[in-house]
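# Fold and geometry: a report
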Amino acid sequence: MERVLTNLRLVTLSSETSADNNGYQIIEDGMVGITNGKIMFVGSASDSPLACHNDLHGHPDVIDCGNALVTPGLIDCHTHLVFAGNRANEFEQRLTGMPYEEIAKRGGGIISTVQATREATEDELYQLAIKRLNGLKRDGVTTIEIKSGYGLTLDDELKMLRVARRIGDMPDIKVSTTLLAAHAVPPEYKNRADDYIEYVCQHIIPAAVEQGLADYVDVFCEGIGFSTQQCQRVFETAKHYGLGIKGHTEQLSNLGGSALAARMGATSVDHIEYLDLDGVAALAANNTVATLLPGAYYFLRETQRPPIEHLRKLQVPMAISTDFNPGTSPIASLRTMMNMACTFFRLTPEECLRGVTCNAAQALGLEASRGKINVGMEADLALWDIDTPAELSYRLGVPDLIARIVDGEIFYAK
Ligand SMILES: N=CN[C@@H](CCC(=O)O)C(=O)O
Ligand SMILES: [Zn+2]
C-alpha cells in the first residue's frame, strides 16, 4: 500500500440506515490503506495485515491522524456554482414583499444572471467560481455537481460547462457537469418556449455531447420554467445521446415533473416541496433520489415542506445539497444545509450525513465508487476534529475540518 492512515474513528456508512437512526457503527482505532487512489483496506488496526507484521512504523507514507473522526468526502450534488454578478438587489426587493416569481416575470431572476454571465469571460467565471468553491471545500466537500443554465445560447452554455470541467481539473475536487439549458426561456425566445426547446434539443445537447462537456441534462419544470411536455422532449433527447437526466421539480407548484423524470430514469429529482404521494411512489418505484434543497426553502421563505414522512416510509433515498446559486441559495456551506435539513425538515443527523455522502453519490450515479468508505472505492475522505458524527449537522461556523483526502492525496484545511 502507498499510504496508510492510522488512529482513525471511521464512519464508513457501509451498513444500511439502522432502525433507531443511530447506525453510524463507528470503528475505533481504525485504519485505511490506499493504493492508486483507491481504498485497499478499511477496518480496525487489529484486523489489518500491515499492523500484525509491524511494518507500519517504518512505512514512509503512514499518517497518524490523531484519533480524527473520518467520513466519506462530502458530495454537493446540486450546484449552480458558475455564474457572474449577484442578485442582492432582488434580495432587497423580496424583503419589501415582491415574490420570487413576480421578479422573474418582470425580467429579473434567472434572466438577470443570464445577462451578466453572457458578458463574462471564461477566466472571469472560473475565478468567481473558485472563490465560492473554497467555501464548500472548508466543509469537507470532495465532489460537486455544477450546472450550466445561465447562458441559454449554445456558446454560453458550453462556456459555462467548460469552466465547470476546468474546475474539475483541480487535484482536490471532482466535478460532475450538468447541462441545464432548459432553465428559463431566454429573451430572444420570449413567448416561443417550444422553439427554444427545439433549439436545446437539436443544437445545444448534441454539441455538449460531441465536446464531452455534460454528464447529465437537467430541466426546470415549473410555471416560470417549462411544461412537463417540454421537459419530456428534453429528457428523450438526453437519453438518446446517452446522458443521464435529473430535474428541478415541484419547487413552487405540483406539475408532475418528478414522476415524469423518475419514470424516465432520472437519478434524482430536486427541490420537491410540492411533491404529492403519487410522485413519492414514482420515486420509490424507480429508485430515484429525492434531493432536498433547504437553502432555497429558507432563502425564499417557503412554508411548504417536502413530504419527508412519505419519502421515509417508501424508503426513497434522500440527498441534501446547497443548490448554490445567486437567486435562491447564495450559501456555500453544505454543513449549513445539513443543519437546515434537521431544523426545517426534521431529518436526523444520520439522514443528513447519508444525504451528503452515499445518497448524494447515487444522485450523481456514482454510488459504486464514492460516498462510502469501502474497499475498492475511491479514497475520498474528510477528517474531522469532532467527537460524534451528529456534530456535523449540529454546529455551524466552527472550522472542524482537519483535512480532505481526494484519490488518496491529503489536502489540509486552511
Ligand atoms: N429553480 C430553479 N433554479 C435555481 C434558481 C436559479 C435562480 O434563481 O437563479 C434553483 O435551483 O433554485
Ligand atoms: Zn438548482
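All values reported here derive from a predicted model rather than from experimental measurement. (Residues numbered from 1 in each chain as written. Chains lettered and ligands numbered in written order. Predicted model: local features only at pLDDT ≥ 70, side-chain atom pairs only at ≥ 80, totals over all residues. Heavy atoms only, no water.)

## What to know about the UniProt feature "binding site: 4-imidazolone-5-propanoate" (unreviewed entry) in the protein chain
The UniProt record marks R87, Y150, H183, Q251 and T328 with the feature "binding site: 4-imidazolone-5-propanoate" (unreviewed entry), using the residue numbering of this structure. By secondary structure assignment, the location of H183 is in the loop between strand 7 (174-182) and helix 7 (193-210). Dropping the residues within four chain positions of it, H183 is found in contact with H80, I110, G149, Y150, L152, F220, G225 and F226. At 3.0 Å, the side chain of H183 forms a polar contact with the backbone oxygen of G149. With respect to the helices and strands, Q251 occurs in the loop between strand 9 (244-249) and helix 9 (257-263). Residue Q251 is classed as buried on the basis of its relative accessible area of 4%. (UniProt positions renumbered as here; feature names shortened; annotations may be inferred. Helix = DSSP H or I, 4+ residues; strand = E, 2+ residues; numbered from the N terminus. Contact = heavy atoms within 4.5 Å. Polar contact = N/O pair within 3.5 Å; in protein donor to acceptor, adjacent residues only side chain to side chain. Buried < 20%, exposed > 50% of the residue type's maximum accessible area, 1.4 Å probe, protein only.)

## Notes on the domain arrangement of the protein chain
Considered domain by domain, the protein chain is made up of domain 1 (3-73 + 372-412) and domain 2 (75-363). Computed from C-alpha coordinates alone, the two centres of domain 1 and domain 2 are separated by 31 Å. Summed over both sides, the interface of domain 1 with domain 2 buries roughly 2,300 Å², with 56% coming from carbon and sulfur. Three residues stand out in domain 1 for area buried against domain 2, namely L13, S393 and R404, and they jointly supply 27% of the buried area on that side. Taken together, the links from domain 1 to domain 2 amount to 5 salt bridges. The salt bridge involving K174 is made with D407; its shortest N-O contact spans 2.7 Å. Taken together, the connections running from domain 1 to domain 2 amount to 12 residue pairs in polar contact (both at pLDDT 80 or more). (Domains from an automatic or database assignment. Buried area = accessible area lost by both parts, 1.4 Å probe. Salt bridge = Lys/Arg side-chain N within 4 Å of Asp/Glu carboxyl O.)

## Topic: the coordination of the zinc ion (ligand 2)
Here the zinc ion (ligand 2) is held by H78 (NE2), H80 (NE2), H248 (NE2) and D323 (OD), and the distances to it run 2.0 to 2.3 Å. Written as a sequence motif, the donor arrangement for the zinc ion (ligand 2) is H-x1-H-x167-H-x74-D. With H78 in the loop between strand 5 (74-76) and helix 2 (88-95) and D323 in the loop between strand 12 (318-320) and helix 13 (334-345), this pair connects stretches of sequence that are 245 residues apart. Looking at H78, the relative accessible area reads 0%, which means it is buried. (Donors = N, O, S within 2.8 Å, 3.2 Å for Na, K, Ca; no water.)

## Quick notes on the site of ligand 1
Taken together, 15 residues form the shell around ligand 1, and within it R87, Y100, Y150, H183 and T328 come nearest. Take H248: an N or O atom from its side chain is 3.1 Å from an oxygen atom of ligand 1. The fraction of the free accessible surface of ligand 1 (330 Å²) that becomes covered by protein chains is 100%. Class assignment for the residues of the shell around ligand 1 results in 4 nonpolar, 9 polar and 2 charged. (Near = heavy atom within 4 Å. Areas by Shrake-Rupley, 256 points an atom, 1.4 Å probe, with all protein chains shown as cover. Nonpolar A, V, L, I, M, F, W, Y, C, P; charged D, E, K, R; others polar.)

## Observations concerning the packing of aromatic side chains
Per the stated rule, a full pass over the model turns up 10 aromatic pairs. Counting every residue linked through ring pairs, the aromatic cluster contains Y189, Y196, Y199 and F226. In this structure, R132 is placed above the aromatic ring of F83, and the distance from its NZ or CZ to the ring centre is 3.7 Å. Just above the ring of Y126 sits the side chain of R166; from NZ or CZ to the centre is 3.8 Å. (Phe/Tyr/Trp six-rings, centres within 6.5 Å; stacked < 30°, edge-to-face > 60°. Lys NZ or Arg CZ within 6 Å of the ring centre and 35° of its normal.)

## A short note on the environment of G247
Tracing the chain through its elements places G247 in strand 9. Using a relative accessible area of 0% as the deciding quantity, one classes G247 as buried. Spatially, the C-alpha atom of G247 lies 25 Å from that of D139, the residues being 108 residues apart in sequence. Residues in contact with G247, not counting those within four places in the same chain, are D218, V219, S268, V269 and D270.

## Regarding the pattern of salt bridges
One pass over the structure, following the stated rule, counts 25 salt bridges. Between E198 and R233 there is a salt bridge, with the nearest N and O atoms lying 2.7 Å from each other. Linking E198 in helix 7 with R233 in helix 8 (residues 228-240), this pair joins segments that are 35 residues apart in sequence. Owing to a relative accessible area of 26%, E198 belongs among the partly exposed residues under this scheme. What makes R233 partly exposed here is its relative accessible area of 29%. Here the salt bridges do not stand alone but share partners, grouping K174, R370, E378, D380 and D407 into one network.

## A closer look at the sheet that holds strand 11 (residues 289-292)
The strand order across the open sheet built from 8 strands is 5-6-7-8-9-10-11-12, with neighbouring strands paired in parallel fashion. Edge positions in the sheet fall to strand 5 and strand 12, since each of these pairs with one other strand and no more. Recorded for the sheet is a direction-independent mean angle of 25° between the axes of neighbouring strands. Against the sheet, helix 13 contacts strand 5, strand 6 (141-147), strand 11 and strand 12, and its axis sits at roughly 130° relative to strand 12. (Pairing = 2+ DSSP bridges. Axes fitted to C-alpha atoms, helices over the stretch in contact; angles between N-to-C directions.)

## Quick look at the confidence of the model for the protein chain
For the protein chain, per-residue confidence averages 95 on the pLDDT scale, and 96% of positions sit at 70 or higher. For this predicted complex, the interface confidence score (ipTM) comes to 0.97, while the overall pTM stands at 0.96. (pLDDT = per-residue confidence, 0-100.)

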